[in-house]
Amino acid sequence: MSALTVSEPTQLHLAKRMSRLGTETAFEVLVRARALEREGKNIVHLEIGEPDFDTPKNIVEAAVDALYLGYTHYGPSAGLPDLREAIADDVSKSRGVKFTSDEVVVVPGGKPIIFFTMLALVEEGDEVIYPNPGFPIYESMINFLGAKAVPIALREERDFRLDVNELASLINDRTKLIIINSPQNPTGGVLTKNDIYDIAAAIGDRDIMVLSDEIYCRLLFEGEPFSICAVNGMKERTIILDGFSKTYAMTGWRMGYGVMRADLAAHIARLMTNSNSCTASFTQVAGIEAIRGDQSETERMRLEFQKRRNVFVNGINQIKGFSCRLPKGAFYTFPNITQTGWPSKKLADALLDEAGVAGLSGTAFGAFGEGYMRFSVANSVENLQNALDRIDQWTKKNL
Ligand SMILES: Cc1ncc(COP(=O)(O)O)c(C=O)c1O
């Protein structure tokens, strides 16, 4: 064969586990919506789960100062000691349980805590119970690791709070981990204090860990947040996932954290050493300012999300075929669309292509999301109103 012959590309032999890896549809819909915009279409973006606000100025300034002060080097894998301490203090105060800095691991976003916790704890064949509809990365990671994904259905008639009797019936000797998420993505459901006590009682003294995804805990519209770590005997079995993305409008900074028993934290730090080395140092300095500095912007954003939620839920409830409960937390609405007569995915596609409104099919969050759509209300009242008008016009034409 001559050296000039162009050879066929060799076949790519991916590891089998890659076929088990899922995705987060919000990013795919965003790409489709952006492509439509490039064709000249106008789209209202209600698909992606991030605050539309800019990061508060004091936090940005702290990061800029940190860059000039030379926080441009590697840092400890588990996070800068001062940030770990700030997080331990903050979480101790908000959860009413004393934590120390060796129980904190700082990672690039909340997501890696899901990945690392499962890598550290879950073996092939173990069972992991997770909310469905729920954040799609849970199911993706469970499957990726060759564990058995056991969904617990969240139902509208219970305001999307899990049914503890049903949870108890799913627990068995192979259950390794239970994932809970409150306030919840995609439904905005919030577990009550009683629910959380009942979940702990259903677990009893079994050797089961709980990954408590509390990333929306400060985006609560009524009542006080309550963490399962505060139930007697649960602190040692809880991994709290929290972070900066949603509370401080810092999604692009990539910084989150896990709070857990110190021996597990040391292993999660080893996973950090093996993957990212550390979270970016100057962003961690800004994280200290986020936690210790003025909190008024966070409260302003929360009140704004509440106002937008009210506008959107009122509006969508007046549109034929849609009915929506008032979510108690986070910045999502999850209307029931069964009366449209359309399956969720087909409706989401049609609303994007024909009405210029990007939302997500409930099935992007698992099989139990059929019959629903998720619209984020992290957008201006004007844009939300525009989306409502477009959906209304579309339904008048098509239903
Ligand atoms: C329930 C839930 N957990 C975790 C995350 C991940 O957050 P981060 O962007 O900080 O990785 C998200 C983000 O959408 C989420 O909705």
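As shown above, the structure is provided for reference.
Residues numbered from 1 in each chain as written. Predicted model: local features only at pLDDT ≥ 70, side-chain atom pairs only at ≥ 80, totals over all residues. Heavy atoms only, no water.

Visitor: Break down the side chain of Thr298 for me, with residues and values.
Guide: Inspection of the secondary structure puts Thr298 in helix H10 (residues 296-316). When its relative accessible area of 12% is taken as the criterion, Thr298 is described as buried. If sequence neighbours within four positions are ignored, Thr298 has contacts with Thr247 and Tyr248. (Helix = DSSP H or I, 4+ residues; strand = E, 2+ residues; numbered from the N terminus. Buried < 20%, exposed > 50% of the residue type's maximum accessible area, 1.4 Å probe, protein only. Contact = heavy atoms within 4.5 Å.)

Visitor: Go over the layout of surface pockets with me, naming the residues and quoting the values.
Guide: In this structure, the largest pocket spans a volume of roughly 440 Å³. Lining the largest pocket are 24 residues, with Glu24, Gly49, Lys111, Phe135 and Lys246 sitting closest to its centre. For the lining of the largest pocket, the secondary-structure elements that each account for two or more residues are helix H1 (25-38) and helix H4 (111-121). When residues of the lining of the largest pocket are assigned to their parent elements, the largest contribution, 3 residues, is made by H1. (1 Å grid on protein atoms, 1.4 Å probe; cavity = no way out; pocket = protein on both sides within 12 Å on 5 of 7 lines; lining within 4 Å. Points joined across faces, edges and corners; volume = space filled by probe spheres on them.)

Visitor: Requested: an account of the pairing of strand E3 (residues 127-132), with residues and values cited.
Guide: When you tally the buried positions in E3, you get 6 out of 6 residues, the bulk of the element. Along E3, one buried face is formed by Glu127, Ile129 and Pro131 and the opposite face, lined by Val128, Tyr130 and Asn132, is buried too. Pairing analysis gives 6 bridges linking E3 to strand E4 (residues 148-153), with the strands arranged parallel. Looking across to E4, one finds that Glu127 is bridged to Lys148. Regarding the hand of the β-α-β motif, the stretch spanning E3, helix H5 (residues 136-144) and E4 is right-handed. Pairing of E3 with strand E5 (residues 175-181) involves 3 bridges; the strand directions are parallel. (Pairing = 2+ DSSP bridges. Right-handed = clockwise from strand over helix to strand, strands pointing away.)

Visitor: Give a detailed account of the site of the ligand, specifying residues and quantitative values.
Guide: Every one of the 13 residues lining the ligand counts as a neighbour, but Asp213, Tyr216, Ser245, Lys246 and Arg254 are closest to it. A distance of 2.8 Å separates an oxygen atom of the ligand from a polar atom in the backbone of Gly110. A breakdown of the residues in the shell around the ligand according to their chemical character gives 4 nonpolar, 5 polar and 4 charged. (Near = heavy atom within 4 Å. Polar contact = N/O pair within 3.5 Å; in protein donor to acceptor, adjacent residues only side chain to side chain. Nonpolar A, V, L, I, M, F, W, Y, C, P; charged D, E, K, R; others polar.)

Visitor: I'd like a rundown of the sheet that holds strand E6 (residues 209-213), residues and numbers included.
Guide: Spatial strand order, E2-E8-E7-E6-E5-E3-E4: 7 strands in an open sheet with mixed pairing. Only two strands of the sheet have a single neighbouring strand rather than two, namely strand E2 (104-107) and E4. Each strand of the sheet is rotated relative to its neighbour by a mean of 20°, with strand direction disregarded. In the packing of helix H8 (residues 262-275) onto the sheet, contacts are made with E2, E6 and strand E7 (238-243), and the angle to E2 comes to roughly 20°. (Axes fitted to C-alpha atoms, helices over the stretch in contact; angles between N-to-C directions.)

Visitor: Report on the sheet that holds strand E9 (residues 332-333), specifying residues and quantitative values.
Guide: The strand order across the open sheet formed by 3 strands is E9-E12-E11, and the pairing between neighbours is antiparallel. Unpaired on one side and paired on the other, E9 and strand E11 (360-361) mark the two borders of the sheet. Both E9 and strand E12 (residues 373-376) contribute to a ladder of 2 bridges, which runs antiparallel. When the bridges of E12 are listed, Thr333 appears paired with Phe375. Each of E11 and E12 touches helix H11 (residues 344-355); the most contacted strand, E12, lies at about 40° to it.

In short, geometric facts, not functional conclusions.
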